[in-house]
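Examining the three-dimensional arrangement
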Amino acid sequence: MLVDATKYQQITDELKDITLVAVSKAKSIEAINKLYELGHRDFGENYVQELVEKQTHLPKDIRWHFIGHLQSNKVKQIVPFIHLIQSVDSLKVLKEIEKQAKKHNRVINILLQVHIAREESKFGLDENELHELLNTNLNELDKLRNITIKGLMGIASFSENIELVRKEFRMLKEIFDQYNQQPTTNYKLESLSIGMSNDYKVAVEEGSNMVRIGSLIFGNR
Ligand SMILES: *Cc1c(COP(=O)(O)O)cnc(C)c1O
């Protein structure tokens, strides 16, 4: 089975206004097309090469989300078509997106990825780095006219411990709310991208308005 249409329908009914990003990493063009035919338009990919290759074979009205770790030397490959880069975690990458966006005369929407999991290995800004970016470096942000910071993204610990996962989501929601209380012209955080196949229900309970789901929709990896 390429797509679990029943599960997909059930999830979309359940999510209502929450944006569902279908994570199609390692999934075939055929599988993506199946979901597209059901009316789905938001798809997420983790690897630049894979994304660039796939998008040339797929309909142009797909909204592609980049959700994997992004190196600055790869930015130029996705800027011409990307809808939302969810995984920005440094000023260096921001500046490169700005540079490439200018070339293509585009304004690129991005989310800042915040490290919320217990595991060391996950990418993302810690709270201090986020503070540095959104407060200390406001002058720098001011110069980035071809970037709009739209929100925050987080990946919870890979754990059966739901209460741990909930705590991590809650922490990110608090950070999200806190930055939205300080009015600024540089950003307005609208999207809170938390929740995957295993934990999206908890994420929604904790205030998610964007979930990224792969295996539940496409079947197990
Ligand atoms: C793979 C991936 C997902 C989707 O994971 P599933 O468990 O398949 O739903 C979501 N977000 C990121 C960043 C991913 O890498």
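Quick word on the pattern of salt bridges
With the rule as written, the count across this model stands at 15 salt bridges. For the salt bridge of Lys 54 with Glu 50, the shortest nitrogen-to-oxygen distance reads 2.7 Å. Of this pair, Lys 54 and Glu 50 both sit in helix α3 (residues 48-56), four residues apart, roughly one helical turn. A relative accessible area of 6% means that Lys 54 is categorised as buried. For Glu 206, the salt bridge identified is with Arg 166, shortest N-O distance 2.8 Å. Note that Glu 206 is positioned in the loop between α9 (200-205) and β8 (210-213) and Arg 166 in helix α8 (residues 162-180), a separation of 40 residues in sequence. The buried category is assigned to Glu 206, whose relative accessible area is 10%.

Points about the pairing of strand β5 (residues 108-115)
With respect to burial, β5 is a largely interior element, six of its eight residues being buried. Relative to β5, strand β4 (residues 84-88) runs parallel, the two sharing three bridges. Paired with Leu 84 across the strands is Asn 109, a residue of β5. Regarding the hand of the β-α-β motif, the stretch spanning β4, helix α5 (residues 91-103) and β5 is right-handed. Bridge analysis of β5 against strand β6 (residues 147-155) gives eight bridges, and the strand direction is parallel. In the strand pairing of β6, Gln 113 is matched with Met 153.

Quick word on the environment of Ala 26
Position of Ala 26 relative to the elements: it lies in the loop between β1 (19-23) and α2 (29-37). Classification of Ala 26 as exposed rests on a relative accessible area of 64%. Not counting chain neighbours up to four residues away, the residues in contact with Ala 26 comprise Glu 50 and Lys 54.

Considering the nonpolar core
Ranked by size, the top nonpolar core spans 64 residues in total, and within it Ile 78, Ile 85, Ile 97, Ile 110, Leu 112, Leu 152 and Ile 217 carry the most contacts. Looking at which element gives the most residues to this core, the answer is α8, with six residues. Other than its neighbours up to four places away in sequence, Ile 78 contacts Val 48, Leu 51, Val 52, Phe 66, Leu 70 and Ile 85. Among the nonpolar cores identified, the runner-up in size contains five residues, and Leu 84, Leu 111, Met 153 and Met 210 belong to it.

Re the packing of aromatic side chains
What the rule picks out here adds up to two aromatic pairs. Both rings, one in Phe 43 and one in Trp 64, keep their centres 6.0 Å apart while their planes meet at 45°; by these two values the pair is tilted. Here the residue Phe 43 occupies a position in strand β2 (residues 42-45), and Trp 64 occupies one in strand β3 (residues 63-66), the gap between them amounting to 21 residues. Here Phe 43 matches Trp 64 in class, with each residue buried. On the basis of an interplanar angle of 70° and a centroid distance of 6.4 Å, the ring pair of Tyr 179 and Tyr 187 is categorised as edge-to-face. In this structure, Tyr 179 and Tyr 187 share a single accessibility class: buried.

Calculation rules
Residue numbers here run from 1 along each chain, matching the order of that chain's written sequence. Per-residue local features of the predicted model are confined to residues with pLDDT of at least 70, and side-chain atom pairs are confined, for both listing and counting, to 80 or more; whole-chain, interface and lining totals are unaffected and use all residues. The basis for every side-chain value is the complete set of heavy atoms in the structure, and neither hydrogens nor water enter the calculation. Take a side-chain nitrogen of Lys or Arg and a carboxyl oxygen of Asp or Glu: if they are within 4 Å of each other, that pair is a salt bridge. For helices the rule is a DSSP run of H or I covering at least 4 residues; for strands it is a run of E covering at least 2, with both sets numbered from the N terminus onward. Here the term buried applies to any residue with accessible area under 20% of the maximum for its type, exposed to any over 50%, and partly exposed to those in between, with areas from a 1.4 Å probe on protein chains only. Each pair of strands is called paired provided DSSP finds at least two bridges between the two strands. Crossovers are marked right-handed if the path from the first strand over the helix to the second runs clockwise, as seen with the strands pointing away from the viewer. The contact criterion used is simple: two residues touch if any of their non-hydrogen atoms lie within 4.5 Å. Nine residue types can take part in a nonpolar core, namely buried Ala, Val, Leu, Ile, Met, Phe, Trp, Tyr and Cys, and a core is a set of them joined through side-chain atoms within 4.5 Å. Pairing of aromatic side chains requires ring centres within 6.5 Å, counting the rings of Phe and Tyr and the six-membered ring of Trp. Pairs whose planes differ by under 30 degrees are stacked, by over 60 edge-to-face, and all others tilted.

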